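# Summary of the model geometry
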Amino acid sequence: MELLCPAGNLASMKAAFNAGADAVYLGLKNDTNARSFAGLNFSPAQLQKAATLAHQQNRKVFLTLNTFPKPGEEKRWYEAIDIAADIGLDALIVADMSLLDYANTKHKQLPLHLSVQASATNLAALSFYKDNFNIERAVLPRVLSMKQVSDLAKVSPVELEVFAFGSLCIMAEGRCHLSSYVTGESPNTGGSCSPAKHVRWQDEGEDKLTRLNDVLIERSSKDQHLGYPVVCKGRYLAEDDSTPNYLLESPTSLNTLSLLPKLAKAGIKSLKIEGRQRSPAYVGQVAQVWRQAIDRYQANPEAFVESAAWNQALAKVSEGQITTLGAYARQWQ
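A brief look at the structure comes next. (Residues numbered from 1 in each chain as written. Predicted model: local features only at pLDDT ≥ 70, side-chain atom pairs only at ≥ 80, totals over all residues. Heavy atoms only, no water.)

### A word on the pattern of salt bridges
Tallying each qualifying case throughout the model produces 19 salt bridges. Here aspartate 214 and arginine 200 are joined by a salt bridge, their closest N and O atoms 3.5 Å apart. Placement of the pair is aspartate 214 in the loop between β9 (207-212) and β10 (215-221) and arginine 200 in strand β8 (residues 199-204), with a sequence separation of 14 residues. A residue is classified by how much of its surface remains accessible, and aspartate 214, at 66% relative accessible area, is exposed. With a shortest N-O distance of 3.2 Å, aspartate 295 and arginine 291 are connected by a salt bridge. Taken together, the residues aspartate 295 and arginine 291, both in helix α10 (residues 280-299) and four residues apart, mark about one turn of the helix. Among the charged side chains, a salt-bridge network with shared partners connects Glu2, Arg137, Glu159, Glu161 and Lys272. (Salt bridge = Lys/Arg side-chain N within 4 Å of Asp/Glu carboxyl O. Helix = DSSP H or I, 4+ residues; strand = E, 2+ residues; numbered from the N terminus. Buried < 20%, exposed > 50% of the residue type's maximum accessible area, 1.4 Å probe, protein only.)

### Here we look at a nonpolar patch on the surface
Side chains of Ile170, Leu178, Leu247 and Leu248 sit close together on the surface and give an oily, nonpolar patch of about 320 Å² of accessible area. You can see leucine 247 is positioned in the loop between β10 and β11 (253-255). A residue is classified by how much of its surface remains accessible, and leucine 247, at 42% relative accessible area, is partly exposed. (Patch = residues over 30% accessible without salt bridge, like charges linked within 9 Å, V, L, I, M, F, W, Y side chains within 5 Å. Areas by Shrake-Rupley, 256 points an atom, 1.4 Å probe, with all protein chains shown as cover.)

### Let's talk about the pairing of strand β1 (residues 2-6)
Counted residue by residue, β1 has five buried out of five residues, so it is predominantly covered. Going residue by residue along β1, you find Glu2, Leu4 and Pro6 tucked away on one face and Leu3 and Cys5 tucked away on the opposite face as well. Examined bridge by bridge, β1 and strand β12 (residues 270-273) share three bridges and lie parallel to one another. Bridging across to β12, glutamate 2 finds its partner in serine 270. (Pairing = 2+ DSSP bridges.)

In C-alpha cells:
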C-alpha cells in the first residue's frame, strides 16, 4: 500500500519523504485547491523543484485540483492542468467533471485520480468516471463503513484510496456549504471554508475571542491551544444553555491504524494522511508512525499488532488529542 502524505510547502514534503512517504499531494497558490491559505502551497517554479526532488528519490507528486470553477473562471484550472502536464507530475486529483474532461482530452498521458470532493461512493459512480474520463484511482469519502469499503473494493474498476489519519468534518465531501452562511464564500469554489480575511482574534480581559466574520466561534484562555477556526467545530450557546458547547462537532481526528489489516486485505491501494495546513513536524511524525505500521504489517501480516506507542504519538497531534474510527466503525448501512 502507498503511504500518501500532505505537503503544504517544500519543508513538509521533505519531512514526509524523510519519514518514508511514497508520495505527497499538494496544491498551487490559488483557489484551484481546497487549502488556499496565505503562506501555503506552491508556485509553478516551486512545483517544478518539488517534482524534481521527488523523482530523484523515486517518489511521486500529485497535484490537487479539488475545487469547482465558477462560470467564466475556468482558465486558472486549465492552466494548472497544463502546468502539471508540462512538469510531468505523477497524477492530478480532480473533482469537477469539466476539468476531468479537459485533462483526459488534452493530456492523455497524465494519470487522473478522482477527488474525494466528487463524493463517489458506489460502483455505478466509479464506472461512470472510469468510462468517461479514464480515471485510474478514486478517493473514497469518509462516510462509508468498513464493510462498504470492502464490498466496493471487490468490484471497483479503479484503484481505491482512503483517508487513514487526520482531521474529520461533519460534511459529506463536496456537499458542504455551512461556512458560506458566515463568510459569503463557498468552500467548494473559494478554496477554504474559513478564508483568512474573515478570521479575527481579539483579547477581552483574560479571554481570547475567535471570530469568523461577526460570528463568535470560540472563547478561550489566552494560553489555550486552539486549531484554525471553522464553523462546524466552534462552541455555541443553545437555547436555555449557560455554557457554550460543541453543538455540531467536537474537534477530533480520524485514526484507522487498527484497521490496517482490513484495509490491506480489501486491496486498498493508498492510505492518505490529511493535513496540508499542518506543520512539517506534524507531517513527519504521522508519516513515521504509518511507515512503521505498514512495514510491520507487510513483513508478517498474520502477526501484525499495532503498537501502543504509535497511537500515543498520533494522539499528540490529533485535534483535541482525541481519535476515532469515524464511519468506518459504523454497523448500520
